[in-house]
Amino acid sequence: MSKTTTTTQPAAEQPTALAQLGRLTEFDPRTLVVDPRNARKEGAKPDAALLASVSRIGVQEPISVRPLPDGQYGVFKGQRRWLAAVDAAEKAAKKGKPVPSIPAFVRDDLTDADSEALLLSLVENTQRRRMTDRDTISGAAQLELLGTNEVGRRRAAAVLGMSRDALKAAKQAAELKPEQLKEGTGYAFDLMELADLQSVEDIPRAAYRLYAAKKKDAQDAKQRRGNWQHELSQLREEQAAQRRREAATQALTDAGVKVLPHRSYDDTDRRLSDLSTGLGKRITAKAHATCGGHAARVDDDGEPVFYCTDPERYRHKIDGVPDAAEADAQAKKERARVIANNKAARAARKVRKEFITGLCRKALSEAAWALVLGAILHNADPVRRFPNKSDDNRNRDIAAFTKAADPKGKAEPFAELIKKTGKARRPNLLLAYVAAAYEAEVSDRAWESRDETARAWLTFLAGEGYQLSDHEAAIVAKAEDKPVTEFDAEEPTQPIEEPEPADEQPQDEPQENEASEEEQAETGQPEAEADEPEEEPQEAPEEADSAEAEPEADTDPDEPQEADQEPAEAPEEPQAAQAEYAAEESAQE
């Protein structure tokens, strides 16, 4: 055992900082063992993200080992990196590929120094502080911006264990306000979910509402994100309305009009529509502008509603019955109900059309074939009436569902689309046409009465995997004469219990997010494999939802942010048809 140097030792004999690290060499990681004095006994198993990183780019930070009495070398610093290297070595050997080595500092001076080895191991695992969520997200955003080309960006995403979409989302997530970032990470939102939150962060309780939707999705046996998408669409509608109200309020203020707060029962103001002059003439906003009581409120749609703050003082006649206040309150309540339902319909339609677009890019199911053939052969009402719609409205959805170029103004709007569509995808054009016809029939006011067309269409989509919103479910129930819980735009009377966001993100068992074969070919990186199973699950195109979770608090230097990937459902079709369809999809894109 070497002696500890003292301050009286000549400067020339003082060990340098590099010497204290030991001699740098490399090992076959399979020849090393864990040091008995390694302080880390729990949580040493590397997660999927670390496994993916080491598999692709190796261990970038040398581990530390020391000679053991039995002649082996024991790892006392960097245990998780070493275990990831062992995993990569075993998989490489199994495939007959060269076994990657691991860099290591050998501390010969610690051969018999058990207490010093234990101390250094403790320092390794206790004095490292995890980056903040803000730094992690900002770093990913900068990486996305700095990527020189698409291949480089894909490689960066693969090394970090992220999806390409998640890396793109980091740019938007980095714009989150500090309090929203803390709340979102406390709810274990991944990068894509944080980016969604940023788009609606101005709406109160947006993070909790999205968390509640995510919780509902987690209870879904098929693990889809329908509830999240519907809630996000609702929040975006609310944010758009809020911005319209803010713009209208500013415009009124700039015009010198007094803007009133929300009305209370003891207010004396009355709407101009309820007032008239002494001669019985209606009072317009333009004529009333010079009145001392001229004012306005901005309604939920962002439209100004003009008032007089004191009709009696300014000698306006009130047109109405003695219980005008009660009637006004009732009318306001009804208007709020109509606005809420119409907003819910518009929000649901956006999510629904996104789903239909994806549906029109997959092979038709038996139910889809039955719908298409039945609608065309039986000349169903939506298809029969569809040609009577305006060209722009009719073609807009067809183009969106087929991802075709804007057909506006063209004599034969889909001639190019028909020409380039291969045999395997021609049925998708028929589905897009029928879907556009049904969408044209389902109006935003379908909730007001029993709508059999809306019921049939929404029921079909639900059978194809679409998550109905509460509003859409109420439309179906009403058409089927089932008890309906009417859609309510207000807060639920018994909301899901809202937990306090945790400072540390919960650690779920991660799943490795693999790069596609195409990406691996472009990056030149070896294929990364998960621990179990060894074979990758087959994924359908454009169906996977990726999610990232924060790594453990005491991460290793090589450890990237991990990623969870939701498995996608492959369409049911014959193998030969799948191959033909995939080939045409690749050729077109």
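Residues numbered from 1 in each chain as written. Predicted model: local features only at pLDDT ≥ 70, side-chain atom pairs only at ≥ 80, totals over all residues. Heavy atoms only, no water.

1. Quick look at the overall build of the protein chain
Then comes step 1: Secondary structure assignment for the protein chain yields 22 helices and 13 strands.
Then comes step 2: When burial is assessed residue by residue, the protein chain has 43% of its 589 residues classed as buried.
Then comes step 3: Sequence-distant contacts, at least 24 apart, represent 73% of the contacts inside the protein chain between residues at least 6 apart.
Then comes step 4: Total accessible area on the protein chain is roughly 32600 Å²; 51% of this is exposed by carbon and sulfur atoms. (Helix = DSSP H or I, 4+ residues; strand = E, 2+ residues; numbered from the N terminus. Buried < 20%, exposed > 50% of the residue type's maximum accessible area, 1.4 Å probe, protein only. Contact = heavy atoms within 4.5 Å. Areas by Shrake-Rupley, 256 points an atom, 1.4 Å probe, with all protein chains shown as cover.)

2. Things to note about the pattern of salt bridges
Then comes step 1: Across all of its chains, the model carries 32 salt bridges by this definition.
Then comes step 2: Note that Arg 80 is salt-bridged to Asp 47, the shortest N-O span being 3.5 Å. Highlighted residues: Arg 80 in helix H3 (residues 79-94) and Asp 47 in the loop between strand S2 (33-34) and helix H2 (48-57), separated in sequence by 33 residues.
Then comes step 3: Residue class for Arg 80 comes out buried when judged on its relative accessible area of 0%.
Then comes step 4: Residue Asp 47 is classed as buried on the basis of its relative accessible area, which comes to 8%.
Then comes step 5: Notably, a salt bridge pairs Arg 236 with Asp 196, separated by 3.8 Å at the nearest N-O pair. With Arg 236 in helix H11 (residues 226-254) and Asp 196 in helix H9 (residues 191-199), this pair connects stretches of sequence that are 40 residues apart.
Then comes step 6: The class for Asp 196 is buried, based on a relative accessible area of 16%.
Then comes step 7: Beyond isolated ion pairs, a larger network of salt bridges with shared partners links Arg 349, Arg 352, Glu 439, Asp 444 and Glu 472. (Salt bridge = Lys/Arg side-chain N within 4 Å of Asp/Glu carboxyl O.)

3. Looking at the nonpolar core
Then comes step 1: In terms of nonpolar packing, the biggest core is built from 37 residues, with Ile 356, Phe 401, Trp 457, Phe 460 and Leu 461 touching the most fellow members.
Then comes step 2: A per-element tally of this core places helix H18 (residues 426-441) first, with seven residues.
Then comes step 3: Not counting chain neighbours up to four residues away, the residues in contact with Phe 460 comprise Leu 359, Ala 367, Ala 368 and Leu 371.
Then comes step 4: Formed by 29 residues, the second largest nonpolar core is a distinct cluster that contains Leu 167, Leu 197, Tyr 211 and Leu 232. (Core = buried A, V, L, I, M, F, W, Y, C linked by side-chain atoms within 4.5 Å.)

4. Here's the deal with the pairing of strand S5 (residues 102-106)
Regular strands place side chains that alternate from one sheet face to the opposite one.
Then comes step 1: Among the five residues in S5, four count as buried, and that is most of the element.
Then comes step 2: As defined by bridge partners, strand S1 (residues 23-27) adjoins S5 across five bridges and the pair is classed as antiparallel. Bridged to Arg 23 within S5 is Val 106.
Then comes step 3: Here three bridges tie strand S3 (residues 63-67) to S5, and the two strands are oriented parallel to one another. Residue pairing for S5: Ile 63 is matched across the bridge by Ala 104. (Pairing = 2+ DSSP bridges.)

5. Side note on H18
Then comes step 1: Along its 16 residues, H18 runs 24 Å from first to last C-alpha, staying within 8% of the 22 Å computed at 1.5 Å per residue.
Then comes step 2: Taken residue by residue, H18 has Pro 427, Asn 428, Leu 431, Ala 432, Val 434, Ala 435, Ala 436, Ala 437, Tyr 438, Glu 439 and Glu 441 as its buried positions. (Expected span 1.5 Å × (residues − 1).)

6. Focus: the side chain of Arg 349
Then comes step 1: Of note, Arg 349 is situated in helix H13 (residues 324-359).
Then comes step 2: Beyond its immediate sequence surroundings of up to four residues, Arg 349 is in contact with Glu 439, Val 442, Ser 443 and Asp 444.

7. Focus: the sheet that holds strand S9 (residues 294-298)
Then comes step 1: In space, the four strands of this open sheet follow the order S6-S9-S10-S7, with mixed pairing throughout. Either end of the sheet is taken by a strand with one partner, and the two such strands are strand S6 (258-259) and strand S7 (270-271).
Then comes step 2: Two strands pair when backbone bridges link them, and S9 and strand S10 (residues 304-308) are joined in this way by five bridges, in the antiparallel orientation. Bridge pairing in S10 places Ala 295 opposite Tyr 307.
Then comes step 3: Its contacts with the sheet put H11 on S6, S9 and S10, and the angle it makes with S9 is roughly 170 degrees. (Axes fitted to C-alpha atoms, helices over the stretch in contact; angles between N-to-C directions.)

8. Considerations on the packing of helix H14 (residues 366-377) against H18
Then comes step 1: Running from N to C, H14 and H18 cross one another at 70 degrees; their axes reach a closest spacing of 10 Å. Considering the angle they form, H14 stands roughly perpendicular to H18. Every pair of crossing elements has a handedness; the one defined by H14 and H18 is left-handed. On the side of H14, the interface is formed by Trp 369, Leu 371, Val 372, Ala 375 and Ile 376, while H18 contributes Pro 427, Leu 430, Leu 431, Val 434 and Tyr 438.
Then comes step 2: Grouping the amino acids of the contact of H14 with H18 by side-chain chemistry returns ten nonpolar, no polar and no charged. (Parallel < 35°, antiparallel > 145°, perpendicular 65-115°, else oblique. Left-handed = near helix turned anticlockwise from the far one by under 90°. Nonpolar A, V, L, I, M, F, W, Y, C, P; charged D, E, K, R; others polar.)

9. Some points on the packing of H9 against H11
Then comes step 1: Relative orientation of the contacting elements H9 and H11 amounts to 25 degrees, with a least axis distance of 9 Å. When the interaxial angle is binned, H9 and H11 end up roughly parallel. Only Trp 228, Leu 232, Arg 236 and Gln 239 of H11 make contact with H9, whose side of the interface consists of Glu 193, Asp 196 and Ser 199.
Then comes step 2: Looking at the contact of H9 with H11, its residues break down into two nonpolar, two polar and three charged.

10. Looking at the packing of aromatic side chains
Then comes step 1: Under the counting rule described, the total for this entry stands at nine aromatic pairs.
Then comes step 2: Between Tyr 187 and Phe 189, the aromatic rings sit 5.9 Å apart at their centres with planes inclined by 40 degrees, giving tilted as the arrangement. Each member of the pair Tyr 187 and Phe 189 is classed as buried.
Then comes step 3: Ring geometry for Phe 386 versus Tyr 433: centroids 5.1 Å apart, planes at 80 degrees, classification edge-to-face. Taken as a pair, Phe 386 in the loop between helix H15 (381-385) and helix H16 (391-402) and Tyr 433 in helix H18 lie far apart in primary sequence, 47 residues in all.
Then comes step 4: In textbook terms, an aromatic cluster arises when at least three aromatic residues are bridged by ring pairs, as seen for Tyr 187, Phe 189, Tyr 208, Tyr 211 and Trp 228.
Then comes step 5: Note that Arg 297 overlies the ring of Tyr 307, its terminal NZ or CZ placed 4.7 Å from the centroid. (Phe/Tyr/Trp six-rings, centres within 6.5 Å; stacked < 30°, edge-to-face > 60°. Lys NZ or Arg CZ within 6 Å of the ring centre and 35° of its normal.)

11. Concerning the confidence of the model for the protein chain
Then comes step 1: Overall, the prediction assigns the protein chain a mean pLDDT of 76, with 73% of residues at 70 or greater.
Then comes step 2: With pLDDT under 50 throughout, residues 1-12 is counted as low confidence; its partners more than four residues away or in other chains account for seven contacts.
Then comes step 3: Counted against residues more than four places away or in other chains, residues 486-589, with its pLDDT under 50, gives 226 contacts. (pLDDT = per-residue confidence, 0-100.)

12. Thoughts on the sheet that holds S3
Then comes step 1: Within the open sheet, the five strands sit side by side as S1-S5-S3-S4-S2. Their pairing is mixed. Single-partner strands in this sheet number two, and they are S1 and S2.
Then comes step 2: Bridging between S3 and strand S4 (residues 73-77) involves four bridges; their strand directions are antiparallel. Opposite Ser 64, over in S4, you have Lys 77 as the bridge partner.
Then comes step 3: Against the sheet, H3 touches S2, S3, S4 and S5, its axis set at about 130 degrees to S4.

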